[in-house]
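Notes for the structure review
Below, each chain spelled out in residue letters.
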Amino acid sequence: MALDVSKGKSYMVVYKNEYCIEEREIVHTPEQFDKLLPFLKNNQVEVVFEATGVYSKCWEHFFTKNNFSYSCLNPLEAKLQIATMRQRKSDKNDAHQLAQTHLTNKRSKTFCHSNNYNELRMYSKLYDEVHSNLLVQRNYLHSELQLVFPGLEKIYSSNMTYFVLNIMDKYTHPDTVQKTSPTKIKNYILKQTGKKLSEKQAKEKALWLKFIAKEAYSVVEEDSFMVKEVKYRLKTIRSLKQQKDRISNELIHFAETCTEFKYIESIPGIGPLTAALLIAELGDIRRFDTHKQMNAYVGIDLRTYQSGTIQHKDKIQKRGNSRARMILFFTIQNMIKKQKNIRNHFIDYYYKLKKPPYVKKHKVAMIACMNKLLKTIHYLISNNEYYDYTKSPRG
């Protein structure tokens, strides 16, 4: 049985011994799905359809709920398998071609994750959405500060804490700072910080704020709309940070129920949030027979092109889970940045590749370390072991 899935409906064809015995349109309603259920239970049917984003999720849910196996094809894979010299694109033709090519193609059954992994994936997606929105708002804030209070952006670097947000919200315009005494600013700073900040440190920060206010050239007045816009931006960033913190805690709490969480977190340089995000994106890692299958899933397996005398340089495929690939890349990057505080064989391997006789470029060495990290994760989870640097290979 082949399905061509579209918005709200699908075209179904059923083949037996290379002959079509039934074809019709199915509307995505509970009644239509219930009518199809007896046919599937009474016959040994192999189901195949192409993934079409959110529209094919109803079929995945229907088959998983009723314990039927199915083959959900990647759109590129489906296109290559049903490609012909003459193109006749329609829902009906696509469904027939999927069914006709099913016997000539070895289509593996789609692995169905448990609800835990599906929930984690949704948490990860929401976390990514909030994080992306936060970056957008920070970029807007940076541009607006160049007009309202140039130089104030130096109060934060990569991490914009609630303390920094409160200071910026209180002293949004240089004239506000100029009208306030250093003592009042110092006292406000001491009230806002949750850390043990000495009077001397608070006074230094207050004097620094007075200094940049004196040097700043604002193009708007203290009561202008642009100042209100900056305050609104700060309020939005604070709200997004609170959402991000809440989602992070829920994501970690949910991931801790997975047995592989403790093994991934045991790797030096991988914290609870990174471990949770990796599990959310990689899913059930035990479904991969080898780490090379994980490489292909992430999209860091090599693409080779050679024809006659033409030999292109090998590159990674970049087909797969781009989100997982990004998490792995930044994980290795953070390990290298914090190498003074952590010890693992990924950092050793990175610097080995950077030295003669290899002398690899930064990105090439990073991809190699990502490959080694996936290999290590696969080994630890397959053997139920914690990371041990003394047992790990030194490159």
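What counts, and where the lines are drawn
- Residues numbered from 1 in each chain as written.
- Predicted model: local features only at pLDDT ≥ 70, side-chain atom pairs only at ≥ 80, totals over all residues.
- Heavy atoms only, no water.
- Helix = DSSP H or I, 4+ residues; strand = E, 2+ residues; numbered from the N terminus.
- Rg over C-alpha atoms; globule rule 2.2 N^0.38 Å.
- Buried < 20%, exposed > 50% of the residue type's maximum accessible area, 1.4 Å probe, protein only.
- Areas by Shrake-Rupley, 256 points an atom, 1.4 Å probe, with all protein chains shown as cover.
- Lys, Arg positive; Asp, Glu negative; His and termini not counted.
- Charge placed at Lys NZ, Arg CZ, Asp CG, Glu CD.
- Phe/Tyr/Trp six-rings, centres within 6.5 Å; stacked < 30°, edge-to-face > 60°.
- Lys NZ or Arg CZ within 6 Å of the ring centre and 35° of its normal.
- UniProt positions renumbered as here; feature names shortened; annotations may be inferred.
- Pairing = 2+ DSSP bridges.
- Core = buried A, V, L, I, M, F, W, Y, C linked by side-chain atoms within 4.5 Å.
- Domains from an automatic or database assignment.
- Contact = heavy atoms within 4.5 Å.
- Axes fitted to C-alpha atoms, helices over the stretch in contact; angles between N-to-C directions.
- Salt bridge = Lys/Arg side-chain N within 4 Å of Asp/Glu carboxyl O.

Next up on the list: the overall build of the protein. Scanning the protein from N- to C-terminus turns up 16 helices and 9 strands. The globule rule puts the C-alpha radius of gyration for 395 residues at 21 Å, and the 28 Å found for the protein is more than 25% above it. Here the C-alpha coordinates of the protein stretch approximately 90 × 55 × 50 Å along the principal axes. Residues classed as buried in the protein amount to 41% of the 395 residues present. Surface summary for the protein: the accessible area is close to 23800 Å², and the carbon and sulfur share equals 51%. Taken as two groups, the 65 positive and 40 negative side-chain charges of the protein have centres that lie 7 Å from each other.

For any two aromatic rings, the description comes down to two numbers: the centre-to-centre distance and the angle of the planes. A complete count under the given rule lists 15 aromatic pairs for this structure. Arranged with centres 5.6 Å apart and planes meeting at 25°, the rings of Trp59 and Phe63 form a pair that is stacked. Highlighted residues: Trp59 and Phe63, both in helix H2 (residues 57-65), separated by 4 residues, approximately one helical turn. For the residue pair Trp59 and Phe63, the accessibility class agrees, reading buried in each case. Taking 5.1 Å as the distance between ring centres and 85° as the angle between the ring planes, the aromatic pair formed by Tyr350 and Tyr351 counts as edge-to-face. By way of ring pairs, the aromatic residues Phe33, Phe49, Trp59, Phe62, Phe63 and Tyr70 are connected into one cluster. The aromatic ring of Tyr162 is capped on one face by Lys241, whose charged end is 5.1 Å from the ring centroid. The ring of Tyr349 carries the charged tip of Lys372 above its face, separated from the ring centre by 4.4 Å.

What follows is about the UniProt feature "domain: Transposase IS116/IS110/IS902 C-terminal" (unreviewed entry) in the protein. In this numbering, the UniProt entry assigns the feature "domain: Transposase IS116/IS110/IS902 C-terminal" (unreviewed entry) to residues 263-344. In residues 263-344, helix accounts for 46% and strand for 10%; the two terminal C-alpha atoms are 14 Å from one another.

All right, on to the pairing of strand S1 (residues 2-6) then. When a strand is regular, its side chains alternate between the sheet's two faces. When you tally the buried positions in S1, you get 5 out of 5 residues, the bulk of the element. The pairing of S1 with strand S2 (residues 9-16) spans 5 bridges and is antiparallel. Across the sheet, Ser6 pairs through a bridge with Lys9, a residue of S2. The turn linking S1 back onto S2 is made up of 2 residues, and Gly8 within it adopts a positive phi angle of 80°.

Let's shift gears to the nonpolar core. By size, the foremost hydrophobic cluster in this structure holds 78 residues, and its most contacted members are Ile264, Ile267 and Ile332. Counting the residues that make up this core, at least three belong to each of domain 2 (120-251) and domain 3 (258-391). Each residue touching Ile264, except ones within four places of it in the same chain, is listed here: Ile270, Ala275, Leu278, Ile279, Ile285, Ile377 and Ile381. Judged by nonpolar contacts, the second largest core, of 17 residues, contains Val5, Leu36, Leu40 and Phe63.

With respect to the helices and strands, Met326 occurs in helix H14 (residues 322-337). Residue class for Met326 comes out partly exposed when judged on its relative accessible area of 36%. Sequence spacing of Met326 and Val298 is 28 residues, and the spatial spacing of their C-alpha atoms is 9.3 Å.

Right, let's get into unusual backbone geometry. Here the residue pair Pro356 and Pro357 is connected by a cis peptide bond, since its omega of 5° sits within 30 degrees of zero. Take Pro357: it is sitting in the loop between helix H15 (345-354) and helix H16 (362-383). A positive phi angle is found at Asn67, which is not glycine, with a value near 60°. Of the residues examined, Asn67 reaches a relative accessible area of 71% and is grouped as exposed.

In this section: the sheet that holds strand S4 (residues 48-50). Strands sit in the order S3-S2-S1-S4-S5 across an open sheet of 5 strands; the sheet is mixed. Two strands in the sheet have a free side with no partner beyond their single neighbour: strand S3 (19-27) and strand S5 (71-73). For this sheet, the mean inter-axis angle between neighbouring strands, taken without regard to orientation, is 20°. Alignment of S1 against S4, held across 2 bridges, turns out to be parallel. Counted as the bridge partner of Leu3 is Phe49 from S4. Sheet strands touched by helix H3 (residues 75-82): S4 and S5. Its angle to S5, the strand with the most contacts, is close to 90°. Packed on one face of the sheet, helix H4 (residues 91-100) meets S1, S2, S3, S4 and S5 and runs near 35° to S2.

With 8 bridges connecting them, S2 and S3 associate as antiparallel partners. Note on S3: the bridge partner recorded for Val13 is Glu23. The turn joining S2 and S3, which pair antiparallel and follow one another in sequence, is formed by 2 residues; a positive phi near 55° is taken by Asn17.

All right, on to the domain arrangement of the protein then. Domain annotation of the protein identifies domain 1 (2-112), domain 2 (120-251) and domain 3 (258-391). Relative placement of domain 1 and domain 2: their C-alpha centres are 53 Å apart.

Once that is clear, we can look at the pattern of salt bridges. One pass over the full model with this rule turns up 14 salt bridges. Put simply, Lys57 and Glu60 hold a salt bridge, and the shortest N to O gap is 3.9 Å. Of this pair, Lys57 and Glu60 both sit in helix H2, 3 residues apart, roughly one helical turn. Residues Asp128 and Arg323 are paired through a salt bridge, measuring 3.2 Å at the closest nitrogen-oxygen approach. Remark: Arg323 occurs in helix H14 and Asp128 occurs in helix H5 (residues 115-148); sequence separation between them is 195 residues.

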